[in-house]
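Descriptive structure summary
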Protein chains: 2
Amino acid sequence: METKTILIKNPIILNPKLDGSVDQYKSSLLIENNKISLINKEIEDSNADYIIDGEGKILMPGLINTHTHLPMVLLRSFADDLNLDSWLNDHIWPMEAHLNSELIYHGSMLGAIEMIKSGTTCFSDMYYYLDDMAKAVDKTGIRAVLSYGMIDLNDSEKREGEFKESISAIKNLHNTCDGRITTMFGPHSIYTTSPELLTRTRKEADKYNVGIHIHMNETKKEIEDSMDLRGLRPFEYLDDLGILSDDIVAAHCVWLSDNEIDLIKKYNVKVSHNPCSNSKLSSGIAPISKLIDNNICVSIGTDGASSNNNLDMFEEMKFAALLQKVNTLNPQVLPASQTFSLATVKGAEALGLNNIGSIEEDKIADLILVDTNTPNFTPNTNACSNIVYSANGSNVNTTICNGEILMENRQILNLNEKEILDNAVDAFNELKRLKTEAE
Amino acid sequence: METKTILIKNPIILNPKLDGSVDQYKSSLLIENNKISLINKEIEDSNADYIIDGEGKILMPGLINTHTHLPMVLLRSFADDLNLDSWLNDHIWPMEAHLNSELIYHGSMLGAIEMIKSGTTCFSDMYYYLDDMAKAVDKTGIRAVLSYGMIDLNDSEKREGEFKESISAIKNLHNTCDGRITTMFGPHSIYTTSPELLTRTRKEADKYNVGIHIHMNETKKEIEDSMDLRGLRPFEYLDDLGILSDDIVAAHCVWLSDNEIDLIKKYNVKVSHNPCSNSKLSSGIAPISKLIDNNICVSIGTDGASSNNNLDMFEEMKFAALLQKVNTLNPQVLPASQTFSLATVKGAEALGLNNIGSIEEDKIADLILVDTNTPNFTPNTNACSNIVYSANGSNVNTTICNGEILMENRQILNLNEKEILDNAVDAFNELKRLKTEAE
């Protein structure tokens, strides 16, 4: 097979580092197949099959969204401004109960193009109908870490079924689509699963050599219930079960005791911070700057669109930084460069994908170009500050994943965007119809 | 002069009400000269000189930004993640000291097109070189309430100069540009002005029949200093001076005692809420839901771009709503419809411009069209929720101010956008040069 090469000429390169700093320099960059093969000021045009003019653009890693539920874009703005209980029990779950394979596919297509258009090239998801989600990931060209959300409610038969689903998804999907799809186990949370499910998850995760994606410490009630039930806080309970390890991505982590922070640090558990969702649902403000001070790996997620209500990681970066500043009354916490690293290189670390998230030779080409010829990027005195504090997803001009151009000049390539939007509207209407029919 | 008419066909109209609710319906709308002359499902094409297809778009009032410092877009992302003292003393003020007439004009042009492109049609500003700002307002077609920021630092000669500037600006600019420009007095704050300046401001404001725009209760230190100096909190001090009235727009209002809330309510003082700036500078979270419960008129502002770092009122709405929810741990406060009203009809009330801010026959045509054929508006189950929680300024397709189309299909009309951006970059470089030269 012929080598395919793309040359990006003269962009401002913004490269996040694991220590929270950012390198900025002007250079050209060559992509060969799915990798960054050369970063150099002088690369001849003749080396490339395709040339992208990067002048006046910022080249940065594609954003990495470490916690979402992609098909929930179908329930965007469907139920808002409600108490968590009513939101879930009266609105979200009754609709989700009628989702099916086809609806999940169309929802995933919508979510994937929303991400691609706002500069996200990789997301970690917990949901159902993983085959259909994978189909959408395959078709749109984005990168995904898929986990099947396991809930057993102490029912051993249900538990068996959940593992069957999970293991089948892992066997069928892990490392497929040229490596764009990997998988994890997804025990939903400690309040929807039994200790048996959790301990078996650890065993199976070790056996299949995949990580674990779980909701942790999202609400105050979750902590109180855990204390009432076991006299242990959620992370203490997982420690007690012996399942904490560095392959766990724990979403939310809003309410943490010092002892739990010590446990997260000790086992190098990865934290996915979801500031918009935690705020919209009034869950609370996670102690992110404290976690970072403890050298804990923090990344950023949007959560599902029904509690956000979009998948724009630029907005999420700004919200994360500003929320920490106002909550600690310290404007120096979560500076722009560090926030930028959480949404890129730290996300890659969290997902065990150390070949993405930064711009270095031999890394995989998951890259985006951001247009700076816009009012909100003028003047571009500090590119990283503009990215974190002034940009939104619509500033993204070009999105490249695994060396493939998925969007150029804001046009999704090789897919009919209008058809995807229309199909999603039809899917939502069908979902409403199924729910009404069942009532 | 001939009547000019614009017909907007079949948009979804989203009309905010003063009680915080929103009307949504589908209709066509006719603009004659600068006013909404007819809202009706059946308006013949032949009635219009120009027709805009509103199908698949939301028609809403242009957003109203009640507190900003427009030319500070030149200092966007210039100094971030700093303590307020260092930010102001070491970075912002040393640069501002070298601003001049021309730089202010180019900064104002940049800020104005940033607003127009993100759906803001009216802003209330406090800054210097008002003639140059007015020139930019005139040229870009936006609506503005301009106030000259008065600072006397207890110096009576300086005070005289400040009033001379203010009164001259009010005489020259109030009700100019077909009514698009009005003015206010702008005593900067209680910590930068003398009691003499404040009491005279009340007298002059009454004489010239214009309002007062002032920074109030932004930081905890401001309260502590006021208590130390006078034994009175800031609003108690203004009450003591006898200047509180319903024509005052008080920006920030982060730290308020119950007694101060009572004073704000008693005198019907208007509050401008600036959540991004208050968060970024770590000032604190204003008790907005409590103010609204007290029937106080709250509106929304972005503050200057150097502490935000953009002028996107969609982002500001989302941030306002989410911040109140997480701060009160109540997801029902500041619901989408109410937040929408703060950024529109309440802004109009705050600025004494009761002929804008909502969509009714005979009101002035300050309107925007938002494209819903995008991933982040799909499905459009709840248009108001999508506007507040999912949209950003880039979703705005068309901006109309005073019956003139300023942007259509995201193209600024009658102005060269690229030239405005280039001039702003040159202005920033010149500002740096002037500062370096003076050192």
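Numbers given for residues are sequential positions, taken from 1 along each chain in its written order. Each chain gets a letter, beginning with A, and each ligand a number, beginning with 1, in the order they are written. Only residues with pLDDT of 70 or above have their local features reported here, since the model is predicted, and side-chain atom pairs are shown and tallied only from 80 upward, although totals for entire chains, interfaces and linings are computed over all residues. Side-chain figures throughout are based on the complete set of non-hydrogen atoms in the structure, without hydrogens or water.

**Things to note about the overall build of chain A**
A count of helical and extended segments in chain A gives 15 helices and 19 strands. Computation of the radius of gyration draws on C-alpha atoms alone. For the globule rule, the value is 2.2 Å times the number of residues to the power 0.38. A compact globule built from 439 residues would reach a C-alpha radius of gyration of about 22 Å, and chain A, at 21 Å, matches this within 12%. In terms of principal-axis extent, the alpha carbons of chain A reach across some 65 × 50 × 45 Å. We call a residue buried when its accessible area falls under 20% of the maximum for its residue type, exposed when it is over 50%, and partly exposed in between, using a 1.4 Å probe and counting protein chains only. When burial is assessed residue by residue, chain A has 65% of its 439 residues classed as buried. Any pair of residues with heavy atoms lying within 4.5 Å of one another is described as a contacting pair. Partitioning the contacts of chain A with sequence separation of at least 6, the portion at a separation of at least 24 is 73%. Put simply, DSSP marks the helices as runs of H or I at least four residues long and the strands as runs of E at least two long, and each gets a number from the N terminus on.

**Some thoughts on empty space enclosed by the protein**
The rule is simple: put a 1 Å grid over the protein atoms alone, call a set of points where a 1.4 Å probe fits but cannot get out a cavity, call an open set with protein on both sides within 12 Å along at least five of seven lines a pocket, and count a residue as lining if it has an atom within 4 Å of a point. Grid points are joined across faces, edges and corners, and a volume is the space filled by probe spheres set on the points. Considering all chains together, one arrives at three cavities of 30 Å³ or more under this definition. Around the largest cavity, the lining residues are Cys276(A), Glu315(A), Lys318(A), Phe319(A), Cys276(B), Glu315(B), Lys318(B) and Phe319(B). Within the residue set of the lining of the largest cavity, elements represented by two or more residues are α11 (313-328) of chain A together with α11 (313-328) of chain B. When residue character is reported, Ala, Val, Leu, Ile, Met, Phe, Trp, Tyr, Cys and Pro are called nonpolar, Asp, Glu, Lys and Arg charged, and the others, Gly included, polar. Here the residues of the lining of the largest cavity are counted per class, giving four nonpolar, no polar and four charged.

**So, the interface of chain B and chain A**
When the parts of a complex come together, some accessible area is lost, and that lost area is often taken as the interface size. Each partner contributes residues to the interface: chain B has 62 residues there, and chain A has 62 residues. Summed over both partners, the interface of chain B with chain A buries about 4700 Å², with 62% contributed by carbon and sulfur atoms. By convention, the term buried area covers the 1.4 Å-probe accessible surface removed from two parts as they join, with the contributions of both added. A per-residue breakdown of the area chain B buries against chain A is headed by Asp81(B), Pro331(B) and Pro375(B), which together make up 14% of the total. Take a side-chain nitrogen of Lys or Arg and a carboxyl oxygen of Asp or Glu: if they are within 4 Å of each other, that pair is a salt bridge. At the junction of chain B with chain A, the criterion picks out four salt bridges. Between Glu315(A) and Lys318(B) there is a salt bridge whose closest N-O contact spans 2.4 Å. No other element matches α11(B), which puts seven residues into the side of chain B that touches chain A. Counted by class, the side of chain B that touches chain A contains 28 nonpolar, 23 polar and 11 charged residues.

**Describing the packing of α11(B) against helix α14 (residues 383-390) of chain B**
Residues and elements named next belong to chain B. For helices, the axis comes from a line fit to the C-alpha atoms of the stretch in contact; other axes are also lines fit to C-alpha atoms, and the angle between any two N-to-C directions lies between 0 and 180 degrees. One way to put it is that α11 packs onto α14 with a least axis distance of 7 Å and a crossing angle of 90 degrees. Here α14 runs roughly perpendicular to α11, going by the angle between their axes. Mapping the contact onto sequence places Phe314, Met317, Lys318, Ala321, Leu322 and Lys325 in α11 and Ile387, Val388 and Tyr389 in α14. The labels follow the angle: roughly parallel below 35 degrees, roughly antiparallel above 145, roughly perpendicular from 65 to 115, and oblique for the rest.

**Digging into the environment of Asp152(A)**
All names here are of chain A. Following the sequence through the fold, Asp152 ends up in the loop between β10 (143-150) and α4 (156-173). Judged by relative accessible area, Asp152 falls into the buried class, the value being 0%. Excluding residues within four positions of it along the chain, Asp152 makes contact with Lys158, Arg159, Thr192, Thr193, Ser194 and Leu197.

**Considerations on helix α5 (residues 195-208) of chain B**
Residues and elements named next belong to chain B. If you check α5, its first and last C-alpha atoms are 20 Å apart, about what 14 residues at 1.5 Å a residue would give, namely 20 Å. For α5, the set of buried residues is Leu197, Leu198, Thr201, Arg202, Glu204 and Ala205. For α5, the secondary structure elements touched by its buried residues are β10 (143-150), α4 (156-173), β11 (181-187), β12 (211-216), α7 (234-241) and β13 (248-252). The span one expects for a helix is its residue count, reduced by one, times 1.5 Å.

**Re the sheet that holds strand β1 (residues 5-9) of chain A**
Residues and elements named next belong to chain A. Whether two strands pair depends on DSSP finding at least two bridges between them. Taking strand neighbours across the sheet as the criterion, the four strands line up as β5-β4-β1-β6 in an open arrangement whose pairing is mixed. Bordering the open sheet on either side are β5 (35-40) and β6 (50-53), each of which pairs with just one other strand. Neighbour to neighbour, the strand axes of the sheet diverge by 20 degrees on average, direction disregarded. As judged from the four bridges shared by β1 and β6, these two strands associate in the parallel manner. By the bridge assignment, Ile6 is partnered in β6 with Tyr50.

**A short note on the nonpolar core**
Only buried residues count toward a nonpolar core, which is a set of Ala, Val, Leu, Ile, Met, Phe, Trp, Tyr and Cys residues joined through side-chain atoms within 4.5 Å. Counting 233 residues, the largest nonpolar core has Ile387(A) and Ile387(B) as its most contacted members. With sequence-adjacent residues up to four places away left out, Ile387(B) is seen in contact with Leu14(B), Ile58(B), Met60(B), Phe314(B), Met317(B), Phe340(B), Val370(B) and Phe377(B).

**Considering the relation of the copies chain B and chain A**
A least-squares superposition brings the copies together, and it is based on the C-alpha atoms of residues with pLDDT no lower than 70 in both. Superposing chain B onto chain A takes a rotation of 180 degrees combined with a translation of 0.0 Å along the rotation axis, leaving an RMSD of 0.0 Å. Accordingly, the operation relating the two chain copies is best matched by a two-fold axis. Residues of chain B ranked by C-alpha distance from the rotation axis are headed by Ser394(B), positioned 3.2 Å from it. The share of interface residues of chain B whose copies in chain A are also at the interface is 100%, consistent with both copies meeting through the same surface.

**Some words on the confidence of the model for chain A**
Per-chain confidence: chain A averages 97 in pLDDT, with 100% of residues scoring 70 or above. For this predicted complex, the interface score ipTM comes out at 0.98, while the overall pTM is 0.98. By definition, pLDDT measures how confident the predictor is in each residue, and it falls between 0 and 100.

**Digging into the pairing of strand β5 (residues 35-40) of chain B**
All names here are of chain B. As defined by bridge partners, strand β4 (residues 28-32) adjoins β5 across five bridges and the pair is classed as antiparallel. Across the sheet, Ile31 pairs through a bridge with Ile36, a residue of β5. Between β4 and the antiparallel strand that follows it, β5, lie two residues; Asn33 among them carries a positive phi value of about 55 degrees.

**Things to note about unusual backbone geometry**
In this chain, Thr378(A) is followed by Pro379(A) through a cis amide linkage whose omega measures -10 degrees. Of note in this structure, Asn33(A) is not a glycine but carries a positive phi near 55 degrees. Assessed through its relative accessible area of 38%, Asn33(A) is described here as partly exposed. At Asp178(B), a residue that is not glycine, the phi angle is positive and equals roughly 55 degrees. Tracing the backbone shows Asp178(B) in the loop between α4 and β11.

**Points about the pattern of salt bridges**
All told, the structure shown has 48 salt bridges over all chains when counted by the stated rule. Of the charged contacts in the structure, one is a salt bridge between Glu349(B) and Lys346(B), with a shortest N-O distance of 3.7 Å. Remark: Lys346(B) and Glu349(B) occur in helix α13 (residues 345-350); sequence separation between them is three residues, near one turn of the helix. Overlapping salt bridges, with partners in common, bring together Glu160(A), Arg200(A) and Glu204(A) in one network.

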